[in-house]
Amino acid sequence: MTVRVAIVGTGNIGTDLLAKVHRNPVLELVGVAGIDPDSDGIRRARDLGYHATSDGLDGLLREFGDIAAVFDATSARAHRAHGEALVAAGVRSIDLTPAALGPAVVPSVNLGDHADAVDVSLITCGGQATIPIVAAVARETPVEYAEIVATIASLSAGPGTRQNIDEFTRATARGIERVGGAARGKAIIVLNPAEPPILMRNTVYVRAPGLDAGKVSESIAAMVADVQCYVPGYRLRSAPLIDGDQVTVLIEVEGAGDHLPPYAGNLDIMTSAAIRVAEGMDVPTSNDTAEVAR
Amino acid sequence: MTAIRVVDSTLRDGSHAVSHQFTPEQVAAVATQLDRAGVYAIEVGHGDGLGGSSIQYGEAPHDDLAKVAAAAAVIERARLAVLLLPGVGTKDDLRAARDAGAQLVRVATHCTEADIAEQHIALARELGMEVFGFLMMAHMAEPTELARQAAIMEAAGAQAVYCTDSAGALTMDGARARVATMRQRLDAATELGIHAHNNLSLAVANTVAAIDEGVTIVDGCLTGLGAGAGNCQTEVMVAVLDKLGHSTGVDLWGVQDAADQVVVPLQHRPQVIDGLGVTMGYAGVYSSFMLHARRAAERFGLDPRDVLVELGRRSVVGGQEDMIIDVAVELARTGGEGMASIAGSMR
C-alpha cells in the first residue's frame, strides 16, 4: 500500500522533498507543481520521470486526481490560499511553510495526535530541531520558559526564508509553547555566511524550576534517539548543561545532502519530518505502524 | 565645513556594559541631558534591539517599550530612535515601539544579509518613521560587497546606511575604503553613517576618516559606554569634530556634564580598553560577546582571550552568543588541542 503524494513549490525545500520521495518505498509521487516553467525544480522532476506543471497548485489539481496529500513548500502567504483549495479538493496538506493553519506536528513528539488532520503544519526548521528538546524536559518537569536560537548557513536560506523571518520567529515560538509544552516560548534566528558553510546549529535554553538533572538528561537522550530515527545527522554538541533550574542544549544537524550539501541540516530536518508525516497516512491510527511501514 | 548629525546610543549600545539593566528612570535622566545638549537622535532599548531581552543576549528587567516611553516623555528636540535586528525583533515590535514614541529606527543585519531587512525597512517607511540601515560586522565584507548590501537597504527604503564596525576591528584605511565605495554606489540623497567601537582605540579616528569620505551621521555613547571596549565616546567625538570645523550642533559642555555627572554613576565598571577588549578588535569578534565570554571562561576555567580568538577563527557573527558556550565547552574538553594559535588565526 502506497500513499499518493504531490509537491507544490520547486525551491530548495520542494527540490529536496523530490529527492526524498523519489527513493521512498511508501510514497508514490504523482506530480510536482511550480510557477516557473524554467525552474530547476521542474526540470529535475521531469528528469526523474515525474509529471510537472508550472501552473501551480491549480494546475496540479486539474491534471491529477486521487492525491492523498500535498507537500506545500511555497510560502506562508501562498499556503493560506492553497489550504482552502486543498480542503475543497479533499486533499490533505503537509505544510512546510510557517503559515500554521493546521495543528503543528513534530514527529518525535506528537505524530499520532493529528493523524486525521486535513492540514498539518511542520512549523519551521528551527522548531523541528528544538521543540523535541523542550518536550523532553516538559515531560519530566513543567517548563516555565524555553528559548531557542537557530543558526543556519546563509547559503541554505533561500528567498522564502529570507522574506519570512518574522513568520519564522513567531511560528517557532508558538510551537515551543503548543507542542513543546513551555508556558512561554521565544525564538531567534541567525544567518551565518561563513565559508565553508556551517552546519545548522541550534541552542535550546529551558527554564524548569525544580528539575531533576538526572531524569532530564535521560529524557533528552531518549528524545535525541527518537529524532535520529528520521534525521540521522541530528546530534548534541555536548551533554546537556544543567545549571540550577536552567538547561542549555547545543544541537547540530547535518543534512543527508540530497538537494543542498550536508551543511543544510535545516532543510533536511524539515523535509524528513514531512516525509515521516506522509508515511503515517496509510495507517492513520498510530506511529508504531508507521515505523513498520518504514 | 560639513554638517554632521550625532546619534547617541548610550541607552542602547551602552546597555551592554550594564548587562541591559537600565531602568526607565535612568533612561529619562540620561535622555533629558542628551536632549538639552542637542544631539540629533537618542537611541533607547536593549543592546540587541527590540525583543533582545533573552537568555541568549541577557534578560532586561524593564521592557523596551517602558524605556522608549520614558525617553519619549522627556525628549523635546531630539528624535527618539530604536534598533531592530530581523531574526530577533519583529515588525510587531516595531509597530509597538512607534506607538510608544519611537520616530527613527535602525534596521540591522550582518553585513552580507541585508535582504532579510527589506520588509522591516519598508514597514518603517509606511509607519512614517525615519529609517537607517545598519550593516554590522562591516570588517567582514570587502568594500564592494558592503556597498552592494547597502544598495539593497537603500532600495528597500533606507534613508541612510551605516558602516557598522561592531567588532571595533577596522583601521582607518578599512573604514575609509568601505565608506568611499558605499558613497560611490548609493544615490546622492542617501546619507551614510558610521558606528565605531573602541577596541583598538580607533573609534574617533575611524569616525573622522569616515566623515572625510562622505559620512554625515555618526554614532557615539557618553563615556564610550558600550559593548566590548566601548563605543565612540560622544563627548570626545564632539570636541574633535568641532576642532576639525565640522558642525554638530551639540553643546560640548552639555555632553561632558551628562557623561561625568549622569552616566559615570551608572557604570558597573570603568569603561576602559583592557586586554580582552583589544583581543576583540584584533580577532574581529562581535563586541557584545565580551561579558558573555568572560562568564563562560570563568565557568569552564579558561582564558577568555582563547575563547574570543577561537570565535574569530570560526567567523562567528553578531547574535551568535550561544557559540561562546559551545566553544568554551569544546576548549575545556580538548584543552585547546587542534585549536588555532593566536598568530595562525589572524587573517
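So, how was this worked out
Residues numbered from 1 in each chain as written. Chains lettered and ligands numbered in written order. Predicted model: local features only at pLDDT ≥ 70, side-chain atom pairs only at ≥ 80, totals over all residues. Helix = DSSP H or I, 4+ residues; strand = E, 2+ residues; numbered from the N terminus. Buried ≥ 20, exposed ≤ 12 C-beta atoms within 10 Å, placed from the backbone. Contact = placed C-beta atoms within 7 Å. Pairing = 2+ DSSP bridges. Axes fitted to C-alpha atoms, helices over the stretch in contact; angles between N-to-C directions. Domains from an automatic or database assignment. Nonpolar A, V, L, I, M, F, W, Y, C, P; charged D, E, K, R; others polar. Core = buried A, V, L, I, M, F, W, Y, C linked by C-beta atoms within 7 Å. Expected span 1.5 Å × (residues − 1). Bend = angle between axes of the 7 residues up to and from the residue. pLDDT = per-residue confidence, 0-100.

A. Looking closely at the overall build of chain A. Helix and strand counts for chain A come out as 11 helices and 12 strands. Each principal axis of the C-alpha distribution contributes one length, and for chain A these read about 60 × 45 × 30 Å. For chain A, the residues scored as buried account for 58% of the 294 residues in total. For chain A, the share of sequence-separated contacts (at least 6 apart) that also reach a separation of at least 24 residues comes to 68%.

B. Expanded view of the sheet that holds strand S2 (residues 27-33) of chain A. All names here are of chain A. Pairing in this open sheet of six strands is parallel, and the strands run S3-S2-S1-S4-S5-S6 from one edge to the other. Each edge of the open sheet carries a strand with a single partner, namely strand S3 (51-53) and strand S6 (119-121). On average, adjacent strands in this sheet sit at an angle of 25 degrees to one another, irrespective of strand direction. Bridge analysis of strand S5 (residues 92-95) against S6 gives three bridges, and the strand direction is parallel. Across the sheet, the residue bridging to Asp-95 is Ser-121, located in S6.

C. Region of the structure containing the domain arrangement of chain B. All names here are of chain B. Structurally, chain B comprises domain 1 (5-266) and domain 2 (288-345). Computed over C-alpha atoms only, the centres of domain 1 and domain 2 are separated by 27 Å. Of the residues lining the interface, 13 residues belong to domain 1; the matching set on domain 2 comes to eight residues. Looking at the side of domain 1 that touches domain 2, its residues break down into six nonpolar, seven polar and no charged.

D. View of the environment of Val-316 of chain B. Residue and element names in this part refer to chain B. Tracing the backbone shows Val-316 in the loop between helix H12 (304-313) and helix H13 (322-334). Its 27 C-beta neighbours within 10 Å are what place Val-316 among the buried residues. Beyond its immediate chain neighbours, meaning those up to four positions away, Val-316 contacts Leu-311 and Met-323.

E. Quick look at the pairing of strand S7 (residues 145-153) of chain A. Residues and elements named next belong to chain A. Burial analysis of S7 places nine of its nine residues in the buried class, the great majority of the element. The two faces of S7 match: Tyr-145, Glu-147, Val-149, Thr-151 and Ala-153 on one face and Ala-146, Ile-148, Ala-150 and Ile-152 on the other face are all buried. Sheet topology places S7 next to strand S9 (residues 200-207); seven bridges connect them, and they run antiparallel. Paired with Thr-151 across the strands is Arg-201, a residue of S9. In terms of strand pairing, S7 meets strand S8 (residues 185-192) through eight bridges, oriented parallel.

F. Examining the nonpolar core more closely. If you look at the biggest cluster of nonpolar residues, it comprises 230 residues, and the most contacted ones within it are Val-134 of chain A together with Ile-42 of chain B. Among the elements that take part in this core, helix H6 (residues 125-138) of chain A stands out by supplying nine residues, more than any other. Setting aside anything within four residues of it in sequence, one finds Ile-42 of chain B in contact with Asp-8, Leu-11, Ala-31, Leu-34, Asp-35, Ala-71, Ile-75, Ala-78, Leu-80 and Ala-81 of chain B.

G. Quick look at the sheet that holds strand S4 (residues 104-110) of chain B. All names here are of chain B. One closed barrel accounts for eight strands, arranged S1-S2-S3-S4-S5-S6-S7-S8; its pairing is parallel. Adjacent strand axes in the sheet meet at a mean angle of 25 degrees, parallel and antiparallel pairs treated alike. For strand S2 (residues 41-44) and strand S3 (residues 79-84), the ladder comprises three bridges, and the chain directions are parallel. Counterpart to Ile-42 in the pairing with S3 is Leu-80.

H. How the structure looks around the interface of chain B and chain A. Taken together, the contact between chain B and chain A spans 22 residues of the former and 24 residues of the latter. If you tally residues by element for the side of chain B that touches chain A, the top one is H13 of chain B, at four residues. For the side of chain B that touches chain A, the per-class residue count stands at seven nonpolar, 10 polar and five charged.

I. Spotlight on the domain arrangement of chain A. Residue and element names in this part refer to chain A. Parsing chain A into structural domains produces domain 1 (3-122 + 271-293) and domain 2 (125-264). Distance from the C-alpha centre of domain 1 to the C-alpha centre of domain 2: 24 Å. The interface of domain 1 with domain 2 comprises 20 residues on the first partner and 23 residues on the second. Elements supplying a minimum of two residues to the side of domain 1 that touches domain 2: helix H1 (12-22), helix H5 (107-110) and helix H10 (265-279). Of the residues contributing to the side of domain 1 that touches domain 2, the split by class is 10 nonpolar, seven polar and three charged.

J. Highlighting H6 of chain A. Residues and elements named next belong to chain A. Between its terminal C-alpha atoms H6 stretches 20 Å, which fits the 20 Å expected from 14 residues at 1.5 Å a residue. At Ile-131, H6 shows its maximal bend, which comes to roughly 30 degrees, and the proline Pro-132 appears one to four places after that position. Burial analysis of H6 places 14 of its 14 residues in the buried class, which makes it a mostly covered element.

K. Main features of helix H1 (residues 24-37) of chain B. Residue and element names in this part refer to chain B. In this model H1 runs 20 Å from its N-terminal to its C-terminal C-alpha over 14 residues, within 8% of the 20 Å that 1.5 Å per residue would give. Residues of H1 that are buried include every one of Gln-26, Val-27, Ala-29, Val-30, Ala-31, Gln-33, Leu-34, Asp-35 and Ala-37, and no others. Buried-residue contacts for H1 involve strand S1 (5-11), S2, helix H2 (64-74) and helix H9 (252-263).

L. Summary view of the environment of Arg-44 of chain A. Residues and elements named next belong to chain A. In this structure, Arg-44 sits in helix H2 (residues 40-47). On the neighbour-count criterion, Arg-44 (19 C-beta atoms within 10 Å) is partly exposed. Taking the C-alpha atoms as reference points, Arg-44 and Thr-15, 29 residues apart in sequence, are found 7.8 Å from one another. Not counting residues within four places of it along the chain, the set of residues in contact with Arg-44 comprises Thr-15 and Leu-18.

M. How the structure looks around the confidence of the model for chain A. Across chain A, pLDDT averages 91, with 96% of residues at or above 70. Between residues 283-294 of chain A, whose pLDDT stays under 50, and residues either more than four places distant or in other chains, the model counts 15 contacts.

N. Spotlight on the environment of Glu-140 of chain A. Residues and elements named next belong to chain A. Counting through the fold element by element, Glu-140 comes out in the loop between H6 and S7. Its 18 C-beta neighbours within 10 Å are what place Glu-140 among the partly exposed residues. Sequence separation of Glu-140 and Glu-218 is 78 residues, and the distance between their C-alpha atoms is 9.9 Å. Apart from residues no more than four positions distant in its own chain, Glu-140 is found in contact with Leu-211, Asp-212, Lys-215, Val-216 and Ser-219.

O. Spatial organisation of unusual backbone geometry. The linkage connecting Glu-195 of chain A with the following residue, Pro-196 of chain A, adopts the cis geometry, with an omega of -5 degrees. When you line up the elements, Pro-196 of chain A lands in the loop between S8 and S9. In this model, Ser-19 of chain B sits at a positive phi of 50 degrees, which is unusual for a non-glycine residue. As for its position among the elements, Ser-19 of chain B is in the loop between S1 and H1. Classification of Ser-19 of chain B by C-beta neighbours within 10 Å gives partly exposed; the count is 16. Notably, Ser-315 of chain B is not glycine yet its phi reads approximately 55 degrees, a positive angle. Topologically, Ser-315 of chain B is positioned in the loop between H12 and H13. Look at Ser-315 of chain B and you get partly exposed, because 16 C-beta atoms sit within 10 Å.

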